[in-house]
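Letter by letter, the chains look like this.
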Amino acid sequence: MSDEKQQVSRRQFLNYTLTGVGGFMAAGLLISPVRMAIDPVLKSNDGGDFANVGLEVSEITSDPQRVDWTIDQVDGWYESEVNRSAWVYRNENDEIVAFSPVCKHLGCVVSWEGNDDYPEQYYCPCHDGRYYKNGVNVPGTPPLQPLDVYEQEERDGMLFLGNIKPHEEA
Amino acid sequence: MKWTSMDLQKYDQAKEYIDTIIVPLAPFQIGALEPSAKNADQFDVLTLFARELEQELMGRVMLAPTYTYITTAEKSQEAERMNEWTSHFKEQPFKQVLYISFDPSWRKVANDLDGEFIWLPSIPLKDSDPAVVKGMIREQTMQTVELVKSFW
Ligand code: FES
C-alpha cells in the first residue's frame, strides 16, 4: 500500500516537474521574441511609445519631408540604435500625416518624387512601385497596399511619432 | 533580404524580384594589436554599413554573409574563390553580384572578378564620436544606394 502510494506520488511529482519545466521553457520561447521586439521601443522613449523626431510642427507643410531619427538601446555604441524614418506632410484637411517609407511590395525605402518622371508621387527604386501623395498605391505598380502611417502627436510644438499602423486605421 | 531563415522564406516567394546580391569583403588578422584592432573596427563598420544598405534596398537585394580572408592573403587566389561564390549565386539566378569592401587592394584584381567590386573609403573609428560615425555611415549608404541603382 504504502509502496504504491509512494510510487504514485513520485510519478505525480515527476509529472509536475516535467510539466513545470516544459511550461517554463515554452514561456521562455514565447517571451523572448516578443521582448526582442518590444525592448528597443521601451528603452527608446522618454514618454510612452512616442519619440521626438526633431521636427517642429510649424515647419510641416504640404510638401512631404523626410525625417530620420534613431531609437537608442544603450549597450555599446553600434548594436544599439534602430533607424527610423518617415515622410511627413500636411494634407488638404490640414492634418499632419507621417508615412512609413517602407514599400508595401517587398520593403525597399520609398522617396517623395524619387523619380523625375513621376512628380507628386512616392517612388520605390526597386521595382518602380509608386504611391500618390495621400499614400495610396498607384494601381498597376507592384505594391498592393497604401503606405503605413505613424501614430503621431504634438508636444510643446514638436512632432512625436509612435507606432506604425496600416493606412486604413489612421 | 538577409541570409536568415525568415528572409530566405520571403526570398523563395519572390525570387523574380530579388536579382542582386551584395557580398561584404573583410580582411582579418589576430596579430600585432594595432592593425588587428583596426581590422576589427572596420569589420564592425562594414557590417553596420551593409545592414543599412540592405534596409534601404531589401526588396531587391540579398545580403550575403561577409567573406573574410587573412589580411596577407594572396588576392588572386581569393579572387578565384570569390568567383566560385559568384557562379553559385548566378545559378539562383542573381543577375548582379556586388562586392563591397574598405580594402583597397581588391582594386588591383577587380578585373579578374566575375562580380562588380565597389570600394568604399574607410571610416575612421578610433576616438570618433559615435554620432559622427553614424552620420558618415548614413551618407556613405545613400551614395552606395545610388551606385547600386546605376547597375539596375
Ligand atoms: S519593393 Fe517597392 S516596388 Fe518592389
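Residues numbered from 1 in each chain as written. Chains lettered and ligands numbered in written order. Predicted model: local features only at pLDDT ≥ 70, side-chain atom pairs only at ≥ 80, totals over all residues. Heavy atoms only, no water.

1. What about the overall build of chain B?
Inference 1: When you go through chain B residue by residue, the secondary structure sums to five helices and five strands.
Inference 2: Tracing chain B from N to C terminus, the helices and strands come up as α-β-α-β-β-α-β-α-β-α.
Inference 3: Here the C-alpha coordinates of chain B stretch approximately 45 × 35 × 30 Å along the principal axes.
Inference 4: Residues counted as buried form 46% of the 152 residues belonging to chain B.
Inference 5: Across chain B, contacts joining residues at least 24 apart in sequence account for 69% of those joining residues at least 6 apart. (Helix = DSSP H or I, 4+ residues; strand = E, 2+ residues; numbered from the N terminus. Buried < 20%, exposed > 50% of the residue type's maximum accessible area, 1.4 Å probe, protein only. Contact = heavy atoms within 4.5 Å.)

2. Looking at the state of the cysteines
All names here are of chain A.
Inference 1: Counting across every chain of the model gives one disulfide over all chains.
Inference 2: Each sulfur of the disulfide joining C108 and C126 lies 2.1 Å from the other. Disulfide C108-C126: the torsion about the S-S bond is -90°, which places it as left-handed. With C108 in the loop between strand 4 (96-99) and strand 5 (111-112) and C126 in the loop between strand 6 (122-124) and strand 7 (129-131), this pair connects stretches of sequence that are 18 residues apart. For the pair shown, C108 and C126 are each scored as buried. (Disulfide = S-S within 2.5 Å.)

3. Topic: a nonpolar patch on the surface
Inference 1: Taken together, the side chains of F28, I30 and I70 of chain B define a hydrophobic patch exposed on the protein surface, amounting to about 340 Å² of accessible area.
Inference 2: Mapped onto the elements, I70 of chain B comes out in strand 3 (residues 67-70). (Patch = residues over 30% accessible without salt bridge, like charges linked within 9 Å, V, L, I, M, F, W, Y side chains within 5 Å. Areas by Shrake-Rupley, 256 points an atom, 1.4 Å probe, with all protein chains shown as cover. Salt bridge = Lys/Arg side-chain N within 4 Å of Asp/Glu carboxyl O.)

4. Section: helix 3 (residues 75-90) of chain B
Residues and elements named next belong to chain B.
Inference 1: In this model, helix 3 (16 residues) spans 22 Å end to end at C-alpha, consistent with the 22 Å of a helix rising 1.5 Å per residue.
Inference 2: All of the buried residues along helix 3 are K75, E78, A79, M82, N83, T86 and F89. Along the axis of helix 3, the buried positions cluster into a sector of 150°, meaning they face one direction only. Within helix 3, the exposed residues directed more than 90 degrees away from the buried face are Q77, E80 and E84.
Inference 3: Check the buried side of helix 3 and you find it contacts strand 1 (20-28), strand 3, strand 4 (96-101) and helix 4 (106-109). (Expected span 1.5 Å × (residues − 1). Arc of directions from axis to C-beta.)

5. Considerations on the pairing of strand 9 (residues 158-165) of chain A
Looking down a regular strand, the side chains alternate between one sheet face and the other.
Residues and elements named next belong to chain A.
Inference 1: Pairing of strand 1 (residues 51-56) with strand 9 involves three bridges; the strand directions are antiparallel. Its bridge partner lying in strand 9, A51 is registered against L161.
Inference 2: Sheet topology note: the strand 8 (residues 149-155)/strand 9 ladder contains six bridges and is antiparallel. Looking at strand 9, one finds that Q152 is bridged to L161. (Pairing = 2+ DSSP bridges.)

6. As for the environment of P166 of chain A
Residue and element names in this part refer to chain A.
Inference 1: With respect to the helices and strands, P166 occurs in the segment after strand 9.
Inference 2: Exposure remark for P166: the relative accessible area of 37% places this residue in the partly exposed category.
Inference 3: As for P166 and R84, which are separated by 82 residues in sequence, their C-alpha atoms are 17 Å apart.

7. Details of the confidence of the model for chain B
All names here are of chain B.
Inference 1: The predicted model of chain B has a mean per-residue pLDDT of 92, with 99% of residues at 70 or higher.
Inference 2: When pLDDT is averaged over each helix and strand of chain B, the minimum, 88, is found for helix 5 (residues 130-150) and the maximum, 97, for strand 2 (residues 61-63).
Inference 3: On the interface metric, ipTM, the complex scores 0.85, and its pTM is 0.77. (pLDDT = per-residue confidence, 0-100.)

8. Focus: the interface of chain B and chain A
Inference 1: The partner chain A presents 14 residues to the 20 residues of chain B that form the contact.
Inference 2: Between chain B and chain A, a total of about 1,600 Å² is buried, with carbon and sulfur atoms accounting for 59% of that surface.
Inference 3: Three residues stand out in chain B for area buried against chain A, namely Y17, E56 and K134 of chain B, and they jointly supply 28% of the buried area on that side.
Inference 4: Taken together, the connections running from chain B to chain A amount to one salt bridge. (Buried area = accessible area lost by both parts, 1.4 Å probe.)

9. Here's the deal with the nonpolar core
Inference 1: Membership of the largest hydrophobic core comes to 36 residues, with the highest contact counts inside it found for Y122 of chain A together with I22 and I100 of chain B.
Inference 2: Contributions of two or more residues to this core are made by strand 3 (81-90), strand 4 and strand 6 of chain A together with strand 1, helix 2 (33-57), strand 2, strand 4 and helix 5 of chain B.
Inference 3: Considering each element in turn, this core owes the most residues, seven residues, to helix 2 of chain B.
Inference 4: Those residues in contact with I22 of chain B, other than ones at most four positions away along the chain, are L53, V61, M62, L63, A64, L98, I100 and V148 of chain B. (Core = buried A, V, L, I, M, F, W, Y, C linked by side-chain atoms within 4.5 Å.)

10. A few points about the side chain of E52 of chain B
Inference 1: Among the secondary structure elements, E52 of chain B is positioned in helix 2.
Inference 2: Other than its neighbours up to four places away in sequence, E52 of chain B contacts N83 of chain A together with K134, I137, R138 and T141 of chain B.

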